[in-house]
Amino acid sequence: MTIVERPVSESAQVPQPRPRRGAGIEDGLMGVALLAGPANVIMQLARPGVGYGVLESRVESGRVDRHPIKRARTTFTYLAVATKGSDEQKAAFRRAVNKAHAQVYSTDESPVRYNAFDKDLQLWVAACLYKGAVDVYRIFVGEMDEETADQHYRESITLGTTLQVPPEMWPADRAAFDKYWQESLEQVHIDDTVREFLYPIAASRVKGVKLPGPLQRMNDSIALLITTGFLPQRFRDEMRLPWDAARQRRFDRLMAVLRTANHIMPSFIRQFPFNVLLKDLDWRIRTGRPLV
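Residues numbered from 1 in each chain as written. Predicted model: local features only at pLDDT ≥ 70, side-chain atom pairs only at ≥ 80, totals over all residues. Heavy atoms only, no water.

## Quick notes on the packing of aromatic side chains
One pass over the structure, following the stated rule, counts 14 aromatic pairs. With 5.9 Å between their ring centres and 70 degrees between their planes, Y153 and F177 make a pair best called edge-to-face. Of this pair, Y153 sits in helix 7 (residues 146-155) while F177 sits in helix 9 (residues 174-184); the two residues are 24 residues apart in sequence, bridging distant segments of the chain. With respect to class, Y153 is no different from F177; both count as buried. Where W243 meets F251, the ring centres are 6.2 Å apart and the plane angle is 75 degrees; that geometry is what we call edge-to-face. We classify W243 as buried; its relative accessible area is 1%. With a relative accessible area of 1%, F251 lands in the buried category. (Phe/Tyr/Trp six-rings, centres within 6.5 Å; stacked < 30°, edge-to-face > 60°. Helix = DSSP H or I, 4+ residues; strand = E, 2+ residues; numbered from the N terminus. Buried < 20%, exposed > 50% of the residue type's maximum accessible area, 1.4 Å probe, protein only.)

## A short note on the environment of P48
Inspection of the secondary structure puts P48 in helix 3 (residues 48-55). Note on P48: relative accessible area 23%, which makes it partly exposed. When the C-alpha atoms of P48 and V188 are compared, they prove to be 7.1 Å apart, with 140 residues separating the residues in sequence. Residues in contact with P48, not counting those within four places in the same chain, are G53, V112, Q187 and H189. (Contact = heavy atoms within 4.5 Å.)

## Some remarks on the nonpolar core
Counting 79 residues, the largest nonpolar core has W181, L198, F230 and F235 as the members making the most contacts within it. For this core, the leading source of residues is helix 6 (residues 119-140), giving 14 residues. (Core = buried A, V, L, I, M, F, W, Y, C linked by side-chain atoms within 4.5 Å.)

## Some points on the pattern of salt bridges
Per the counting criterion, the structure on display carries 11 salt bridges. Salt-bridge contacts for D244 lead to R247; the nearest nitrogen and oxygen are separated by 2.8 Å. A relative accessible area of 10% means that D244 is categorised as buried. A single network of salt bridges, built from pairs that share partners, joins K131, D135, R138 and E143. (Salt bridge = Lys/Arg side-chain N within 4 Å of Asp/Glu carboxyl O.)

## Looking at helix 11 (residues 213-230)
In this model helix 11 runs 26 Å from its N-terminal to its C-terminal C-alpha over 18 residues, within 8% of the 26 Å that 1.5 Å per residue would give. Buried residues of helix 11: Q216, D220, A223, L224, L225, I226, T227, T228, G229 and F230, and no others. Summarising the contacts, the buried residues of helix 11 are in contact with helix 2 (37-45), helix 6, helix 10 (192-202), helix 12 (233-239) and helix 13 (245-264). (Expected span 1.5 Å × (residues − 1).)

What follows is the structure, given as C-alpha cells:
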C-alpha cells in the first residue's frame, strides 16, 4: 500500500477552478468549511496541552465529545467574530471565552501541564484555524494569488488576538508562518487516550446516537474519508488513520462534486452559518444568554 505524502489541498485528479481575486476566505465557503471541522479539531488537539485541556475540561457545556453541535456553534461564532465582528462583539466574546478558559487548567493528576490562558497554545489553535481555512479555499476555490494570500494572512492575525495572543506573537509573514508550523509539528503527539477521545469526532459520531449497523458503517466510512482527507499526513499518522492513492482519488471525486454543488447554491446558503452567527451573537448579548 502506497501512502500519499502530498499536502491535503493538492489534487492531481480534479482541475482547480480559477480563484476569485480578492475573495474573502469565508465568502461562500462556510457551509463546506463545516466538513473540515473535525479535521481541524484533531489538528488543534494534537498538541498535548490542548488535547488534555479539552479532554479534561470542567466546562461541561463546551465538551466537543458530548455537545458537538454547541461546540461547533461556538467555534464558528468565534471565526465570525474574529474575521467580521465589531470591536464590541469581539470584546463581549473574549470575555465569555475567558470566563470559560478560567476553568481549564491541569491538576496534579493530569499527564501534561496545561492552562487555557497559555499564549503558545492559543497561537497553535489560531494557526490551525488559519491553515484549515487556506486548505478549504484551495479545494473549493483554487490557489490564491500572492497579493490575496498576503492580505488574507495579515487579516488572519485576529484569529489569535481575539483570544489573548499579542500581535507580535503572530509570525510576521507567510514564510515565517511556514517556519513556525514546521517547528510546531515537533510538538505534535496524540497518545492512546487522546486518540480514543478523537476517533468518534473523526467519524462524526454524536454521543448517544447510534444508527443501525449498515447506516453506522456507511456514516463512519464517509466521515472518516472526509476527515482524513483534510488532515495533513503527520496528523493522519498520529491518529493511525490509513491513507493511500485510492482513498485520495475518492476524496478528490467527492470534493469535486461538493465544489460544483457549492458553486450553484444560492449565496445565502453558501454563506451559512456565517451569515446568521453574528446576528445570533447580538441576540444573545441583548437577552443575556450565554455566548459560549
